[in-house]
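# An overview of the molecular structure
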Amino acid sequence: MTETIAELPKEPLTGKVLLKKVDELRHLTRREKAKYCGYYRVKGERMRINVSDFMDAVLLAKGVAIDNARDGRGREPTYRVSVHRNGQIVIGAAYTQKMGLKPGDEFEIKPGYKHIHLTQVDRSLNGVVPADEE
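Within each chain, residues carry numbers counting from 1 in the order of the written sequence. pLDDT decides what is reported in this predicted model: residues at 70 or higher carry local features, side-chain atom pairs at 80 or more are listed and counted, and totals for whole chains, interfaces and linings draw on all residues regardless. Neither water nor hydrogens contribute to the side-chain values; these are computed over all heavy atoms in the structure.

Here, strands pair whenever DSSP counts at least two bridges between them. The numbering of helices and of strands both runs from the N terminus, where a helix is a DSSP run of H or I of at least 4 residues and a strand a run of E of at least 2. Pairing geometry for strand E1 (residues 40-43) and strand E2 (residues 46-49), over four bridges, is antiparallel. Along E2, the bridge assignment pairs Val42 with Met47. What sits between E1 and E2 in their antiparallel hairpin is a turn of two residues, with Gly44 showing a positive phi close to 65°.

Written as structure tokens, this is what we have:
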């Protein structure tokens, strides 16, 4: 199929329209299907096909939600962290929100040979309850 950019969809297809088009193009490769369904962008004279977004849209159109972790800000939380140049390890807000942690929550750190255990400290066990929690 030889086409001009004018013949391709300007916006990516979604929903039932996408599924119908994919069925019509079943003889093509995944990459070609993505292009003819509008999952491309032109940069200079090069066309870049976005197969990943195409596959996500097909799954969503079929009612399969595979990714609930995204918060719309571009990055997904991972379960890996690295030590920063200043020696700190930052866990990140995605995890503290998921665990329901609040500013001031305390943890006990127990270093092991190649691991670290973080255990949340229960303030009521200390016998001291902060004034703002009374």
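Once you've had a look at it, read on.
What follows is about the pattern of salt bridges. Salt bridges are identified by distance alone: a Lys or Arg side-chain nitrogen within 4 Å of an Asp or Glu carboxyl oxygen. With the rule as written, the count across this model stands at two salt bridges. As a salt-bridge pair, Arg26 and Asp23 come within 2.8 Å of each other at their nearest N and O atoms. Under the scheme applied here, a residue whose accessible area is under 20% of the maximum for its type counts as buried, over 50% as exposed, and between as partly exposed, the area being computed with a 1.4 Å probe on protein chains only. Take Arg26: its relative accessible area is 57%, and that puts it in the exposed class. Across the pair Glu108 and Lys110 runs a salt bridge whose closest N-O atoms are separated by 3.4 Å.

On to a nonpolar patch on the surface, then. The residues that make up patches have over 30% relative accessible area and no salt bridge, and they are joined within 9 Å when like-charged or within 5 Å when they are Val, Leu, Ile, Met, Phe, Trp or Tyr. Using the Shrake-Rupley algorithm and a 1.4 Å probe, accessible areas are obtained, with residue cover drawn only from the displayed protein chains. There is a patch of nonpolar side chains on the surface, built from Val81, Val83, Ile89, Ile91, Met99, Phe107, Ile109, Ile116 and Leu118 and spanning about 860 Å² of accessible area. Counting residues per element, the ones that place at least two in the nonpolar patch are strand E3 (107-111) and strand E4 (116-120). Note on placement: Met99 falls in helix H4 (residues 93-99).

Let us now look at helix H3 (residues 51-61). Of the positions making up H3, those classed as buried are Phe54, Ala57 and Val58. Buried residues of H3 fall within an arc of 100° about the axis and therefore sit on the same side. Residues are treated as being in contact if the distance between any of their heavy atoms lies within 4.5 Å. Residues of H3 that are buried make contact with helix H1 (15-24) and helix H2 (30-36). In the stretch just after H3, Gly63 is the one whose phi turns positive, near 90°. To be clear, the arc concerns the directions from the helix axis to the C-beta atoms.

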